[in-house]
Amino acid sequence: MSKKAKLLINNQEFDFPLVLGSENEISIDVKQLRSITGGVTTIDPGFKNTASCESKITYLDGEKGILRYRGYAIEDLANNASFLEVAYLLIYGNLPTEDQYKKFNDDIKSESIVDEDIKKILEAFPKSAHPMGILSSLTSALTAFNPTSNTIDYNRSKAELYETIVKVLGKIPVLIAWTIRKKNGLPLDYGDTSLGYVENILKMMFKKPNETYVQNPILVNALNKLLILHADHEQNCSTSTVRIVGSSHAGLFASISAGISALWGPLHGGANQAVLEMLESINDDGGDTNKYMQKAKDKEDPFRLMGFGHRVYKSFDPRAKIIKVATDEVLDDLGVVDPVLDIAKGLEKEALSDKYFVDRSLYPNVDFYSGIIYRAMGIPSDMFTVMFALGRLPGWIAQWREMRLRNEPIGRPRQVYTGENHRKYTPISNR
Ligand code: ACO
């Protein structure tokens, strides 16, 4: 295969090297484009055809529905691994040995104390505040209590980088648990460091005062699986945000706070809340799924079938397959009968045989079923995206770390200016 791409601009030919990924993906390296062509750029809104970086963390093939973390199939990890093992794998590149795992776990536990003043900030939020806004603000506020995290030279100090990473994995679950406790009117409390990571999160979220919290292994298993499925997804909107914010050498807490804001939107992580609200409103409207299918296809109607479609997956989302099975198991085991599950299955069935959806390769994505499990667990719908953020922490950390250790340049795209040419200012009295 030729290792070059040729570009003809106004009859002048330019050669560009090709970059080959480890799964044989081909990319044209245009790093020298502006300098050798005298300022020509490429334009690609939404980065639909642009690789923003080289990365060794996550591989996905949207045509074949493949997702792998550091080479391991998502199915294998979701069915067998613990969330913290996967976090370690994503961040450091290999599955941990027993000793490495124990140290990682212990260090995260010892960093799971949050400054008491953070409680005062949380208390000041109005009841109407969305949990994603609260989480983003509190994560940013952590910088104030860990000021050096923003100024460390991470390339030089591996120990300080490690410390910041375990702080993120230790403290943010506490913020998440406190947010849900405030919402449920429960006093804010710490967890129990004798428990596993996922068990501790459940206890921190749900334990009632003067009550012994009893772990439900079905919920522990389901949450472990959900967190693993959400742990990374290469250069999506929130991860690209984390990398680009971090590329200015902003610290990890600040970068993750920005990632949380990016995840909030309904076209990204906010879809899980939007899906459940959509399913509920279809149910309240009599359950006529066909009516909503027609609305989704009507270009005059802004309604979209939330939880369908994906920028990259064009055959199926492997995470959605795993979640669908887990949803059935959890609802069965808990004995929950949820009418929105039937609506979801009905919509999926209709969409899979509908020409509009088939022609556009629109399949259920990871968020189509996740809200139904979260609801069965007793998590309020506006906390669903917060649970997604909890799962995505290892991915954001791994991608941010990779970007900093590779010493990537500050992210600063070009534009094609299409505004006015030079105009002379006229005083207001002459306009
Ligand atoms: N319902 C109806 N039509 C849809 C949907 C949908 N959910 N998604 C895409 N389409 C249509 C578009 O109208 C467009 O049709 P056209 O070619 O006739 O104009 C075509 O399919 C392509 O859609 P785009 O929006 O151009 O695709 P893009 O890759 O930019 O967007 C996205 C992907 C944002 C996920 C989109 O499919 C969507 O809005 N889905 C619903 C929201 C959602 O579930 N988001 C979660 C994604 S997963 C995640 O982030 C964790």
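Look up: the structure comes first, before these words.
As the structure is a computational prediction, the values presented were derived from the model and not from experiment.

A. Representation of the site of the ligand within the structure. The local shell around the ligand holds 22 residues, among which Arg304, Leu305, Gly307, Arg311 and Asn365 are the closest. Contact distances for the ligand include 3.5 Å between an oxygen atom and a side-chain N or O atom of Lys48. Coverage of the ligand by the protein chains reaches 77% of its 920 Å² of free accessible surface. The residue makeup of the shell around the ligand, split by class, is 11 nonpolar, five polar and six charged. The residue makeup of the shell around the ligand includes at least three contributed by each of domain 2 (73-267 + 383-405) and domain 3 (271-377).

B. Broad picture of empty space enclosed by the protein. All chains considered together, the criterion is met by two cavities of 30 Å³ or more. As a volume, the largest cavity reaches approximately 110 Å³. Forming the boundary of the largest cavity are 14 residues, of which Ile108, Lys109, Ser112, Tyr197 and Asn200 lie nearest the centre. If you list the elements that add at least two residues to the lining of the largest cavity, you get helix H4 (98-110), helix H7 (158-183) and helix H8 (197-206). The biggest single contributor to the lining of the largest cavity is H8, with four residues. By residue class, the composition of the lining of the largest cavity is seven nonpolar, six polar and one charged. Considering only enclosed or pocket space, the second largest cavity measures out at about 40 Å³ in volume. Surrounding the second largest cavity, Gly309, His310, Tyr313, Lys314, Phe316, Asp317, Ser361, Leu362, Tyr363, Pro364 and Asn365 form its lining. Taken together, the residues that form the lining of the second largest cavity break down as five nonpolar, four polar and two charged.

What counts as what
Residues numbered from 1 in each chain as written. Predicted model: local features only at pLDDT ≥ 70, side-chain atom pairs only at ≥ 80, totals over all residues. Heavy atoms only, no water. Near = heavy atom within 4 Å. Polar contact = N/O pair within 3.5 Å; in protein donor to acceptor, adjacent residues only side chain to side chain. Areas by Shrake-Rupley, 256 points an atom, 1.4 Å probe, with all protein chains shown as cover. Nonpolar A, V, L, I, M, F, W, Y, C, P; charged D, E, K, R; others polar. Domains from an automatic or database assignment. 1 Å grid on protein atoms, 1.4 Å probe; cavity = no way out; pocket = protein on both sides within 12 Å on 5 of 7 lines; lining within 4 Å. Points joined across faces, edges and corners; volume = space filled by probe spheres on them. Helix = DSSP H or I, 4+ residues; strand = E, 2+ residues; numbered from the N terminus.

Spatial relationships are all this shows, so hold off on functional conclusions.
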